[in-house]
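# Observations on the three-dimensional arrangement
Below, each chain spelled out in residue letters.
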Amino acid sequence: MKPVLLRLQAFGPFAGVQEIDFRRLGGNSFFLIHGPTGSGKTSVLDGMCFALFGDSSGGEREGRQMRSHHADAATLTQLEFEFALGQARYRVLRVPEQTRKALRGGGEVNQKPRAELFAVEGEGADATERPLATGWSKVNEYIVRLLGFDSRQFRQVIVLPQGRFFEFLKASSQEREKILQVLFGTELYKRVEESLKRAADELQARGRAERERRAALLEQAAVVDEAELATREAGQRAVLEEARATAAHSAVEARAAEDRLAQARQDAQRFAEHDAAALALQALRSQQDQESARRQALARMKLAARLRPLEQHWQQARTESVQARALAAQRTQALERAGQEEAAARSACERQEALAPRREQLAGRIAQLAELSGRVGLLAQAQADHAAARQRQQRASQQLEQAGRAHAEAGQACESLQGELARVGAEAASLEAAGAALRHAQSLRTQRLERDRLLALCQTARRQVDTLQSACEARRARAEQAMQLWQQAMAHWLAGQSARIARELQAGQPCPVCGSHEHPSPAHASGDAASDEQLAAAEGARDRAADEHRQAQEALAAARLRLAQAEGGLETAQAALGAEASDDLGGVLTAATDALKRAQAAAAGLPQLRQRLDAARQRLQEAATALERAQADGADAARELQHRATQCAERQAGIPAELAQPAALAHALQQARLEAQAMHQALKQAQDAAAQQASALARAIAFAEESARTRTQREQLEQARAGAFEDGLRELGFADADDWRAAHADDPTIAAQEEHTAAFDRAFAAASERVVRSQAAVQDLLRPDVAAAEIALRDAQARQTAASDAVRDVLAKLQNTSGFIGSLARIAQSFDDIERRHADLRTLADAAVGQNPQRMSFQRYVLATLLEEVLAATTLRLRVMSRGRYEMRRRLVAMDARSAGGLDLDVFDHYTGTTRGVDTLSGGESFLASLALALGLSDVVQSHAGGIRLDAIFVDEGFGTLDPEALDFAIRTLKDLQRSGRMVGIISHVAELREWMDARLELLPSQDGSRARFVT
């Protein structure tokens, strides 16, 4: 981490805004922070620490305690710190909690803490910022991830504050381990230690569980060891062989009973078939009378079918006769209508011929009107010229009026534009004030949008917490239920083991559990006894439910943390708005925007407005010229109008008034011609209609005569076919047409009756044959007793079932015993494997966690190796600064056998040739050793790939404890760091340092607060 820019406002001794730009150092990365006591030297380090972590460099003061006493009440305490990590740059902003003056009204309000972190991209004016974190705790977490250490560790390796300079040198072994672990990223080795220990513990627990399972199985089997269980298995196998022989004999007897029952059932089926055949034949014989009647009806149907063509011809002739009579009647009516229409057409023709005088009168009228057309045309031309002259005179008057009005409007426009120019000029002058008001309103809008976003985030987080709370409760209930089910399964499994032992008890034989020869109440297997697989399944379900409950608890805790962070950010955003949080921002923003737009529009419109005023003055001059020209045109138009009026009066003499207009004359001529044409067409139409009606009358007479002849022919044909049908009825023996219709049926009906008769004949023959066949099948047989055969079979099957149950019981006992033997064998094999693996893994885990003669864990061993590198780099500088007296060494043997070793520090004194602890060094010697250790640590950390970058170090005081020669060596050592590009800042009162160091950050105190400046 290397500082770039620090901006302090109302912080420590700085009343206003103090900007410290470290880029002004240029290549002088070794500089002195110098000034009188109380001028703010330590406040510079406090500002960097507070901006990064929210506390001071000493870690003893809060934000409200570091507010400047010189600052105005309305000025907020605020810090901005820009720093670099390699090529990346970041900016952090912090506003601590404080009391400030209210923005509106009197009194004070509490300013909530606010923190923001940005990534800076680009340089200078092109630089942009990308938000990374918002909120006090979130920024802290992000900073720790970026730098790789927290505030306390930062003060031990980067900023060495006043009074805390020796912390890392004299830290305990445990504290030094934590710092080195963060700096070198050795968490992996710690995880390896924990993983090895956890794996060894798990194997130990599994071995203990296997031993408990073996003891439980032996107890359930009621034996002392596996040998006793093997003896029991051999006895059960002998009993099983005897039971199987009995079961085989019972099976043979049962199969013989099954064969006898099958034969009895087969004979019973043959007698049943014979009885059914006799019943079926008897039923068909009872239907023979009904079948004879159906055969007689079928014979009459066939006779009636022979007369069907004659009946169809008769019906067709009767239909045609009816149609011929209807057609004759229609044509008689048509003849009557044709006669009436012919008489009406002849009368209309005679009326049109009587209008001949009117047609001659219209011909004369048309000739008279055609003669007047020429004179009326001349009059129309004169009237048109008069109308044109009148229009020109009217246009001249209008143009004169428009010119006068345009002249007046141009004058008014000039006056209006002059007033508008003055008003717009005043509005343009308010542009700067309107812009400032709009920027303030936009800033408020941005803050409110952020507050609303955080409010929505809080609401979402609360819903997530509620949802996860419910899920956590549900998973807790499932975990408890899974535990209960496992306990039940364990109880059932144990109960099942007792039942297995009870099944093996034999009368007169000792119980393997209690030794008694009497067994009054042996245990019985219940229906819910659990197997080994069911017990394992219940145990797995219990573990899965517990894992799900733990995961739900972790998710709920994470959601609650997000909710707390969101609420903190919301409080910060609300406090930043202060009293303006409830203002009508929409109205303020709209008013400011409108005011700015009006001012901008006014400023932009000034040049155009001046151009419009010049154009209006030009139009006023042009309107005066147009007014003079319109007055002259009006006089010329009046003289021409008088001349055209005289010409019209001369040409109108001798023409009737109603025909003076060409349109009226043309209309009269057109009406006369139309009337003559209509009368001619009416005469022609009447003559044509009379001729057409006469022709239609002749055709109607011919059609009526033809229809009368056709009707007579159809009636004669109908009578002839009716006589032929009646002759057929008498010939075939039918009394009349109704008798024929009663016997008549269509062809499908006749075919169905024929098929029914044939089917009856076939069924009767088949039934007779079935009786003969079934009689032959039962000949020489007696009716069997099926019920007795079934009873005999049930008895044989009961004996077989009892024998099978006996085999199954013995087999179950044997399987139970074999199951115990197999389970114990698997447990023994698993236990041997676990014990072997546990012995190896436990040895490795003990060595990794530090249970060894050196009391050094795996991670401590790695850190000790890295610390050796640090101490080698430290010794190079410490020898120079101590004039060859001291070198730093790692203590190889712990002072206390109960504590972990490997990271304790000693110094070797070349003057005495002895090694002693670092706590024996004097104040000045401790300062030199701490400085050399800090620089050595920085060298080694950055030399390792992926290590944390330590690009800067700040030392607060301590140089006053050195003699001049030691001070010279220390300063030379620090100057050497410039070659590697590291920044070194020193705070000191030592006057000689001002002469030795070219770059200084000077702090200048005054009554109004301190000021800082770089001197290079």
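You'll find the protein entered in an unreviewed UniProt entry as SMC family ATPase, with Ramlibacter aurantiacus given as the organism.

Further remarks concern the sheet that holds strand β5 (residues 88–95). Ordered in space as β2-β1-β4-β5-β8-β9, the six strands form an open sheet in which the pairing is antiparallel. On the outer flanks of this sheet lie β2 (14–21) and β9 (128–134), each paired with one strand and no other. Taking each pair of neighbouring strands and ignoring which way they run, the sheet shows an average axis angle of 15 degrees. When strand β1 (residues 2–11) meets strand β4 (residues 78–85), the two strands line up antiparallel, connected through seven bridges.

What follows concerns the pattern of salt bridges. Scanning the model with the defined rule gives 49 salt bridges in all. Between R214 and E226 there is a salt bridge, with its nearest N and O atoms 3.2 Å apart. Here R214 is found in helix α5 (residues 187–221), whereas its partner E226 is found in helix α6 (residues 226–285), with twelve residues between them in sequence. The salt bridge partner of R783 is D275, with a shortest N-O separation of 3.3 Å. Within this pair, whereas R783 is found in the loop between α15 (747–778) and α16 (786–848), its partner D275 is found in helix α6, the two being separated by 508 residues in sequence.

Attention now goes to the sheet that holds strand β11 (residues 886–890). Reading across the sheet, the three strands line up as β11-β12-β13 and stay open at both edges, with antiparallel pairing between neighbours. In this open sheet, the two strands that pair with only one neighbour each are β11 and β13 (914–917). Each strand axis lies, on average, 35 degrees off the axis of its neighbour in the sheet, ignoring direction. Relative to β13, strand β12 (residues 905–909) is paired through four bridges, and the arrangement is antiparallel. Looking across to β13, one finds that D909 is bridged to T914.

This paragraph deals with the pairing of β5. On a regular strand, each side chain points to the face opposite its neighbour's, so the side chains alternate between the two faces of the sheet. Extensive coverage of β5 is indicated by the burial of seven of its eight residues. As defined by bridge partners, β4 adjoins β5 across seven bridges and the pair is classed as antiparallel. Within β5, the position partnered with E80 by the bridge is L93. A loop of two residues connects β4 with β5, the two strands running antiparallel in sequence, and G86 in this loop sits at a positive phi of about 65 degrees. Alignment of β5 against strand β8 (residues 114–121), held across seven bridges, turns out to be antiparallel. Paired with L93 across the strands is E116, a residue of β8.

Turning our eyes to something else, we now look at the packing of aromatic side chains. What describes a pair of aromatic rings is the distance from one ring centre to the other and the angle between the planes of the rings. If you walk through the whole model with that rule in mind, you get ten aromatic pairs. With centroids separated by 6.0 Å and ring planes inclined at 65 degrees, the aromatic side chains of F22 and F1014 adopt a geometry described as edge-to-face. Here F22, found in the loop between β2 and β3 (30–34), pairs with F1014, found in strand β17 (residues 1011–1015); they are 992 residues apart in sequence, far enough to count as distant. Considered together, F22 and F1014 belong to a single accessibility category, that of buried residues. Every member of this aromatic cluster is reached through a ring pair, and the members are F22, F31, F954 and F1014. Between R145 and the ring centre of Y142, over which it is positioned, the NZ or CZ distance is 4.7 Å. One Lys or Arg, R318, reaches over the ring of W314 and ends 4.9 Å from the middle of that ring.

What follows is about the nonpolar core. Counting residues in each nonpolar core, the largest one holds 45 residues, and the members touching the most others are F31, F83, L147 and F154. Counting residues per element, this core draws most heavily on helix α1 (residues 41–53), which supplies eight residues. Setting aside its immediate chain neighbours within four residues, F154 contacts M1, C49, L52, F53, L147, F149 and V159. Judged by nonpolar contacts, the second largest core, of 44 residues, contains A873, M881, V940 and V990.

Side-chain alternation along β17 places A1012 and F1014 on a buried face and R1011, R1013 and V1015 on a face that remains uncovered. For strand β16 (residues 999–1004) and β17, the ladder comprises five bridges, and the chain directions are antiparallel. What sits directly across from L1003, in β17, is A1012. Taken together, β16 and the strand that follows it, β17, pair antiparallel across an intervening segment of six residues, in which G1009 is found at a positive phi of about 115 degrees.

Another point: the UniProt feature "coiled-coil region" (unreviewed entry) in the protein. Mapped onto the present numbering, the UniProt feature "coiled-coil region" (unreviewed entry) falls on residues 379–434 and 606–640. The span residues 606–640 shows a helical share of 100% and a strand share of 0%, and its end C-alpha atoms are spaced 51 Å apart.

The rules behind each value
Residues numbered from 1 in each chain as written. Predicted model: local features only at pLDDT ≥ 70, side-chain atom pairs only at ≥ 80, totals over all residues. Heavy atoms only, no water. Pairing = 2+ DSSP bridges. Helix = DSSP H or I, 4+ residues; strand = E, 2+ residues; numbered from the N terminus. Axes fitted to C-alpha atoms, helices over the stretch in contact; angles between N-to-C directions. Salt bridge = Lys/Arg side-chain N within 4 Å of Asp/Glu carboxyl O. Buried < 20%, exposed > 50% of the residue type's maximum accessible area, 1.4 Å probe, protein only. Phe/Tyr/Trp six-rings, centres within 6.5 Å; stacked < 30°, edge-to-face > 60°. Lys NZ or Arg CZ within 6 Å of the ring centre and 35° of its normal. Core = buried A, V, L, I, M, F, W, Y, C linked by side-chain atoms within 4.5 Å. Contact = heavy atoms within 4.5 Å. UniProt positions renumbered as here; feature names shortened; annotations may be inferred.

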